[in-house]
Amino acid sequence: MKETRPYNISKWVVYEAYEKVKANKGSHGIDEQSIKDFEKNLKGNLYKNRNTKSTGSYFPQPLKAVSIPKKNGGVRILGIPTVADRIAQMTAKLYFEPSVEPMFHPDSYGYRPNKSALQAIEATRRRCWRRDWVLEFDIKGLFDNIRHDYLMEMVKRHTQEQWIILYVQRWLTTPFQMQDGTIKPRTAGTPQGGVISPVLANLFLHYTFDSFMVNEYLKAWWARYADDGIVHCKTYDQAVYMRTILSERFKIMGLELNQEKTRIVYCKDADRMEDHADISFDFLGYTFRPRLAKNRHGKIFVSFLPGMSDKAVIRVKEEVNAWKLQLKADKHINDIANMFNANIQGWINYYGRFYKSELIQVLRYINGCIVKWVRRKFKKRKHRRQAEHWLGKVAQRDKLLFAHWQFGVLPAAG
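Residues numbered from 1 in each chain as written. Predicted model: local features only at pLDDT ≥ 70, side-chain atom pairs only at ≥ 80, totals over all residues. Heavy atoms only, no water.

A.B. asks: What exactly am I supposed to notice about the sheet that holds strand 3 (residues 133-138) here?
C.D. replies: The strands making up a sheet are joined through hydrogen bonds of the backbone, oriented either antiparallel or parallel. In spatial order, the strands read 6-7-3-8; together these four strands make up an open sheet with antiparallel pairing. Two strands in the sheet have a free side with no partner beyond their single neighbour: strand 6 (221-225) and strand 8 (263-266). The mean angle between the axes of side-by-side strands here comes to 20 degrees, regardless of whether they run parallel or antiparallel. Alignment of strand 3 against strand 8, held across four bridges, turns out to be antiparallel. Pairing of E136 across the sheet is with R263, part of strand 8. Its contacts with the sheet place helix 9 (residues 197-216) against strand 3, strand 6 and strand 7 (228-233), and it is angled at close to 170 degrees to strand 6. Each of strand 3, strand 7 and strand 8 touches helix 10 (residues 236-252); the most contacted strand, strand 3, lies at about 20 degrees to it. (Pairing = 2+ DSSP bridges. Helix = DSSP H or I, 4+ residues; strand = E, 2+ residues; numbered from the N terminus. Axes fitted to C-alpha atoms, helices over the stretch in contact; angles between N-to-C directions. Contact = heavy atoms within 4.5 Å.)

Have a look at this one:
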């Protein structure tokens, strides 16, 4: 007897979902099955993945709870689905995202196709020149506190696919399996680590913040990246008013402003001379503050500009230290470059876009770490100046070896 399949899910979309999950890599879930393990019976596993979803018999396994440190202290709990569940979520995302993406606002930048944090930085930079005050806001525990009842109504509004509605509901309530093996139920939030969580969070915040701002404050300028946001204001009183309004709005939707990270900042520069306690703010790894700049005529003046934040500098240096270059004396310098150039190029691509001088100190620090590697590898160059001279000569011969050498940050040969 032929099996009844109430839901029509394309096998080609399931295969595309598998390819995207594979490309994203990621760690295994509670079943400890890796992508390679899944691929040992790829055809059978993909058939099962599609078949269970098509028949309504698909139930996700508990999420593997993983603690990671937050940038500002404390820990964040990620919920890691199994490979099979990631493919299932990706399948739903491929069906669902195109129905909501065109509706999302241009100034929503987080976790969206053809949108980036650098675009948000650029928009914020321009607007800070034109309006004197910024309300910097942060939503407290967004991914842990999204109301399921509100979110499900939003999902139903944008899809006719009953299987998406059914499985989104199941994913939202999938429990965590903690490190000690205990099961922790979930009644709110959409867990970080889930494939479909970012689009669901954006949908929730579209109705909570984005469309609210468009409908109620049409002339307001703002940018949002997930739970971090900026509102540009003409006056201090306007910024205070918007802080009150947003606090009330988020409370209605079951969320809360993080008062410690929500601040009013004066965009001080050469033409804006008021006194205010806060004249800088951090947004997406950049610090906006008064900085020296040069106009097209070569004149130096003070402008309000973004540059790599101190916290980002510390974070990158910590990652470089974790490479432990001094313990890799068995490697050739080409091996060192191959191992870490992707990381270095990524930092250059992101932090090198605005006010490059803040990034250069980090790239020089990397050169210093490579010098330590030289001193450990070569007995004849154990003194710092000897190692620096040798590395400088290498850089003169091959400026393309390291990504930051191509960027112009070369070790000295003298």
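A.B. asks: Explain the environment of Q238 here, please?
C.D. replies: Within the fold, Q238 resides in helix 10. Leaving out residues up to four positions away in the same chain, Q238 has contacts with H232 and C233.

A.B. asks: Explanation requested: the environment of F104 in the structure shown.
C.D. replies: Its location among the elements puts F104 in the loop between helix 4 (83-100) and helix 5 (117-130). With relative accessibility at 7%, the residue F104 sits in the buried group. The sequence separation of F104 and E16 amounts to 88 residues, and the corresponding C-alpha distance is 24 Å. (Buried < 20%, exposed > 50% of the residue type's maximum accessible area, 1.4 Å probe, protein only.)

A.B. asks: Can you help me understand the pairing of strand 3 in this one?
C.D. replies: In summary, the side chains of a regular strand alternate between the two faces of the sheet. In terms of burial, strand 3 is largely enclosed, as six of its six residues are buried. Neither face of strand 3 is exposed, since W133, L135 and F137 on one face and V134, E136 and D138 on the opposite face are all buried. Relative to strand 7, strand 3 runs antiparallel, the two sharing six bridges. Among the inter-strand pairings, V134 is bridged to a residue of strand 7, identified as H232.

A.B. asks: What exactly am I supposed to notice about the packing of helix 4 against helix 8 (residues 162-172) here?
C.D. replies: Any two packed helices are characterised by the angle at which their axes cross and by the distance between the axes. Viewed as axis vectors pointing N to C, helix 4 and helix 8 meet at an angle of 135 degrees, and their least axial separation amounts to 11 Å. One way to sum up the angle between helix 4 and helix 8 is to call them oblique. Both helix 4 and helix 8 take part in a crossing whose hand is left-handed. Between helix 4 and helix 8, the residues in contact are A88, Q89, T91, A92, Y95 and F96 and W163, I164 and W171, respectively. For the contact of helix 4 with helix 8, the per-class residue count stands at seven nonpolar, two polar and no charged. (Parallel < 35°, antiparallel > 145°, perpendicular 65-115°, else oblique. Left-handed = near helix turned anticlockwise from the far one by under 90°. Nonpolar A, V, L, I, M, F, W, Y, C, P; charged D, E, K, R; others polar.)

A.B. asks: Please clarify how the pairing of strand 1 (residues 63-69) should be interpreted in this entry.
C.D. replies: One ladder, built from two bridges, connects strand 1 with strand 4 (residues 176-177); its direction is parallel. Bridge pairing in strand 4 places K64 opposite Q177.

A.B. asks: When you look at helix 14 (residues 384-397) in this model, what are you seeing that I'm missing?
C.D. replies: An α-helical turn contains 3.6 residues, so a residue and the one three or four places further along point in the same direction. With 14 residues, helix 14 extends 20 Å from end C-alpha to end C-alpha; this agrees with the ideal 20 Å at 1.5 Å per step. Restricting attention to buried positions, one finds in helix 14 the residues A387, W390, L391, G392, V394 and A395. Buried positions along helix 14 lie against helix 12 (333-351), helix 13 (357-377) and helix 15 (403-406). (Expected span 1.5 Å × (residues − 1).)

A.B. asks: Explanation requested: unusual backbone geometry in the structure shown.
C.D. replies: The phi angle of most residues is negative, glycine excepted, and most peptide bonds adopt the trans form. Of note, the phi angle at Y111 is positive, near 55 degrees, even though the residue is not glycine. In this fold, Y111 is placed in the loop between helix 4 and helix 5. Overall, Y111 belongs to the partly exposed group, its relative accessible area being 42%. Non-glycine residue L284 carries a positive phi angle of around 60 degrees. Residue position: L284 is located in the loop between strand 9 (281-283) and strand 10 (286-294).

A.B. asks: Is there a simple way to explain empty space enclosed by the protein in this structure?
C.D. replies: Where empty space is left becomes clear once a probe the size of a water molecule has been rolled over the atoms. What the rule picks out here adds up to one cavity of 30 Å³ or more. As a volume, the largest cavity reaches approximately 50 Å³. Contributions of two or more residues to the lining of the largest cavity are made by helix 8 and helix 9. Among the residues making up the lining of the largest cavity, the classes are represented as seven nonpolar, four polar and no charged. (1 Å grid on protein atoms, 1.4 Å probe; cavity = no way out; pocket = protein on both sides within 12 Å on 5 of 7 lines; lining within 4 Å. Points joined across faces, edges and corners; volume = space filled by probe spheres on them.)

A.B. asks: Looking at this model, I keep getting lost on the layout of surface pockets. Mind explaining?
C.D. replies: Taken as a whole, the largest pocket holds about 1500 Å³ of empty space. What lines the largest pocket is a set of 50 residues, and nearest its centre among them are R76, D138, D227, D228 and K261. When contributions to the lining of the largest pocket are tallied by element, the ones reaching two or more residues are strand 2 (75-80), strand 3, helix 6 (142-145), helix 9, strand 7, strand 9, helix 11 (310-322) and helix 12. When grouped by side-chain class, the residues that make up the lining of the largest pocket number 21 nonpolar, 12 polar and 17 charged. N24, K25, R86, G193 and V195 are, among the 18 residues lining the second largest pocket, the residues nearest its centre. Every element with two or more residues in the lining of the second largest pocket is listed here: helix 1 (11-24), strand 2 and helix 4. Here the lining of the second largest pocket takes five residues from helix 4, the largest share from any one element.

A.B. asks: Whenever I open this one, the environment of Y236 confuses me. Can you help?
C.D. replies: With respect to the element layout, Y236 can be found in helix 10. Residues Y236 and W133, spaced 103 residues apart in sequence, show a C-alpha to C-alpha distance of 6.3 Å. Ignoring anything within four residues of it in the chain, the contact list for Y236 reads W133, I264 and H276.

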